[in-house]
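Fold and geometry: a report
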Amino acid sequence: MAIYPKLILEALEKVRYPGSGKDLVSAGMVEDDIRIKGNKVSFSLLFEKANDPFIKSVVKAAETAILTYVGAEVEIKGNISVVTPQQIKPVPDKLLSGVKNIIAVSSGKGGVGKSTVAANLAVALARLGYKVGLLDADIFGPSQPKMFQVEDAAPYMVEVNGRELIEPAENYGVKLLSIGFFVNKEDAVLWRGAMASNALKQLIGDGNWGELDYFLIDLPPGTSDIHLTLVQTLAITGAVVVTTPQDVALADARKGISMFMGDKVNVPVLGLIENMAWFTPAELPENKYYIFGKEGGVKLAKELNVPLLGQIPLVQSIREGGDEGTPVALNSDSVTGQAFEALAGQLVEQVQYRNEHLDPTKRVVTK
């Protein structure tokens, strides 16, 4: 059984704090530190006073609720910490200090559906209960504002700890910033490499991203100055590479994987995503037509010894959802919605494995 933060929060909504009568979640007593490793779950509950008479009974009730509503196999007893406002440490002053995992979504070439996958993956992660941000780093072809139905958003500045930061747009539980918010959507972006890199740095460093479990970065296709800027600016937790089964796409995907795994960059590749794996017409949902080739991504993943995170079918609703600004991952009852939910689950597992077995990634430093 897979355990996600959403399941934990839903269980804690069943527990009421006797002092106010509110459930633990709406009362703001559940801290943003839910940690899940296999069946082991741990988190903190916030109480106003260290001598609160209800601490023991509330912790016991929280344990019981999780065992009852999530599963009896959950290892929760003894893993709930109690904190007071005085014990909460201030966030250190560093770039994206509140972000737990930074994921680069890449592709070797354009036209393989990378941005569509990034959008739906972000939505699927949010629906699993994670706090998610998405940066549209495709400076020359920003598409995420349209996919999230926020093309007319006008991000504004907010003051945070004495700094003026850009407040991201938000929809479907995902925080979003894109260069598309700051340029005329009808005009081409004609910038030299240095201008594009500086714009990317500003969206990263001056965005009010706050606390996030996953920060997804939708990169431009191929390899460019933007990719180099990214790995020099941030320590990337890992990269996922999107391809289609087509030979020409696979050749470019191989180059993209090689770039991340090379000695100079050394970013772990969390896995490969095979998009447009087959075509399934709506009137014949059981049929599969391999119009771009069959299992090319499967074979490449085996060849390069990287995980295959998922295969996403070519279905008309995916295109319609992107054009209409309603990602298909919003509908977990649909075949495509389930595919993206499964993809998100696989990504979570790979990130947990990576964090347990590999050292933190370091920023690339050029001499």
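Reference entry: report on the structure contained in this document. (Residues numbered from 1 in each chain as written. Predicted model: local features only at pLDDT ≥ 70, side-chain atom pairs only at ≥ 80, totals over all residues. Heavy atoms only, no water.)

Judged by pairing direction, the sheet is mixed, and its 8 strands sit side by side in the order β8-β9-β5-β10-β4-β11-β12-β13 without closing on themselves. Since the sheet does not close on itself, it has two edges, and those belong to β8 (169-171) and β13 (308-314), each with one partner. For this sheet, the mean inter-axis angle between neighbouring strands, taken without regard to orientation, is 25 degrees. Pairing of strand β11 (residues 238-243) with strand β12 (residues 269-279) involves 5 bridges; the strand directions are parallel. Looking across to β12, one finds that V241 is bridged to L272. Lying over the sheet, helix α3 (residues 114-127) contacts β4 (99-107), β5 (132-136), β9 (174-178), β10 (212-218), β11 and β12, oriented at roughly 170 degrees with respect to β10. Helix α7 (residues 247-261) contacts β4, β11 and β12 of the sheet and is inclined by roughly 175 degrees relative to β11. (Pairing = 2+ DSSP bridges. Helix = DSSP H or I, 4+ residues; strand = E, 2+ residues; numbered from the N terminus. Axes fitted to C-alpha atoms, helices over the stretch in contact; angles between N-to-C directions. Contact = heavy atoms within 4.5 Å.)

For the pair α3 and helix α10 (residues 335-357), the least separation of the axes is 9 Å and the interaxial angle reads 75 degrees. Classified by the interaxial angle, the pair formed by α3 and α10 is roughly perpendicular. For the pair formed by α3 and α10, the contact residues are V117, N120, L121, A124 and L125 on the first element and F340, E341, L343, A344, L347 and V348 on the second. For the contact of α3 with α10, the residue count by class is 9 nonpolar, 1 polar and 1 charged. (Parallel < 35°, antiparallel > 145°, perpendicular 65-115°, else oblique. Nonpolar A, V, L, I, M, F, W, Y, C, P; charged D, E, K, R; others polar.)

Let's shift gears to the environment of L308. Here L308 shows up in strand β13. Residue L308 is classed as partly exposed on the basis of its relative accessible area, which comes to 29%. Sequence separation between L308 and L272 is 36 residues, and the spatial gap between their C-alpha atoms is 4.9 Å. Not counting residues within four places of it along the chain, the set of residues in contact with L308 comprises L272, E274, G297, V298 and A301. (Buried < 20%, exposed > 50% of the residue type's maximum accessible area, 1.4 Å probe, protein only.)

As a general point, the strands of a sheet are linked pairwise by backbone hydrogen bonds and lie either parallel or antiparallel. Spatially, the 3 strands line up as an open sheet ordered β1-β2-β3, and their pairing is mixed. At either margin of the open sheet sits one strand with a lone partner, and together these are β1 (35-37) and β3 (80-83). When the angles between neighbouring strand axes are averaged without regard to direction, this sheet yields 15 degrees. Relative to β3, strand β2 (residues 40-46) is paired through 4 bridges, and the arrangement is parallel. From the neighbouring strand, L46 faces β3, where its bridge partner is V83.

Time to look at a nonpolar patch on the surface. Taken together, the side chains of F279, L284, Y289 and I291 define a hydrophobic patch exposed on the protein surface, amounting to about 350 Å² of accessible area. Note that L284 resides in the loop between β12 and α8 (296-304). With relative accessibility at 38%, the residue L284 sits in the partly exposed group. (Patch = residues over 30% accessible without salt bridge, like charges linked within 9 Å, V, L, I, M, F, W, Y side chains within 5 Å. Areas by Shrake-Rupley, 256 points an atom, 1.4 Å probe, with all protein chains shown as cover. Salt bridge = Lys/Arg side-chain N within 4 Å of Asp/Glu carboxyl O.)

In the structure shown here, the tally under the stated rule is 6 salt bridges. Linking E303 and R254 is a salt bridge whose minimum nitrogen-to-oxygen distance equals 3.0 Å. With a gap of 49 residues between them, E303 in helix α8 and R254 in helix α7 connect regions that are remote in the sequence. According to the relative accessible area criterion, R254 is partly exposed, its value standing at 32%.

In the case of a regular strand, side chains alternate between the two sheet surfaces. Counting buried residues along β5, 5 of its 5 residues qualify, which places the element largely inside the surrounding structure. Side chains V132, L134 and D136 project from β5 onto one buried face, and the interleaved G133 and L135 project onto a second face that is buried too. Where β5 and β10 come together, 5 bridges link them in parallel fashion. Following the sheet pairing, L135 is matched in β10 by I217.

Before going further, it helps to spend a moment on the nonpolar core. Counting residues in each nonpolar core, the largest one holds 82 residues, and the members touching the most others are L125, L135 and F215. When residues of this core are assigned to their parent elements, the largest contribution, 9 residues, is made by α3. Ignoring anything within four residues of it in the chain, the contact list for L135 reads L177, L200, L203, I204, W209, F215, L216, I217 and D218. Judged by nonpolar contacts, the second largest core, of 25 residues, contains V30, V41, F43 and I66. (Core = buried A, V, L, I, M, F, W, Y, C linked by side-chain atoms within 4.5 Å.)

Because the α-helix completes a turn every 3.6 residues, residues three or four places apart line up on one side. With 14 residues, α3 extends 20 Å from end C-alpha to end C-alpha; this agrees with the ideal 20 Å at 1.5 Å per step. Counting buried residues in α3 gives 12 out of 14 residues, a clear majority hidden from the surface. Taken together, the buried positions of α3 are K114, S115, V117, A118, A119, N120, L121, A122, V123, A124, L125 and A126. (Expected span 1.5 Å × (residues − 1).)

Going through the model one piece at a time under the given rule, you end up with 8 aromatic pairs. Arranged with centres 6.0 Å apart and planes meeting at 40 degrees, the rings of F148 and Y172 form a pair that is tilted. Residue F148 is found in the loop between α4 (144-147) and β6 (157-160), and its partner Y172 is found in the loop between β8 and β9; the two are separated by 24 residues along the sequence. Members of the aromatic cluster, connected to one another through ring pairs, are Y4, Y130 and Y214. The ring of Y69 is capped by K14, whose NZ or CZ atom sits 5.3 Å from the centre of that ring. (Phe/Tyr/Trp six-rings, centres within 6.5 Å; stacked < 30°, edge-to-face > 60°. Lys NZ or Arg CZ within 6 Å of the ring centre and 35° of its normal.)

It is worth spelling out the side chain of H227 at this point. Along the chain, H227 turns up in helix α6 (residues 225-233). A distance of 3.2 Å separates the side chain of H227 from the backbone oxygen of P220, its partner in a polar contact. H227 has contacts with S106, L219, P220, P221, G222 and M259, leaving out every residue within four places of it along the chain. (Polar contact = N/O pair within 3.5 Å; in protein donor to acceptor, adjacent residues only side chain to side chain.)

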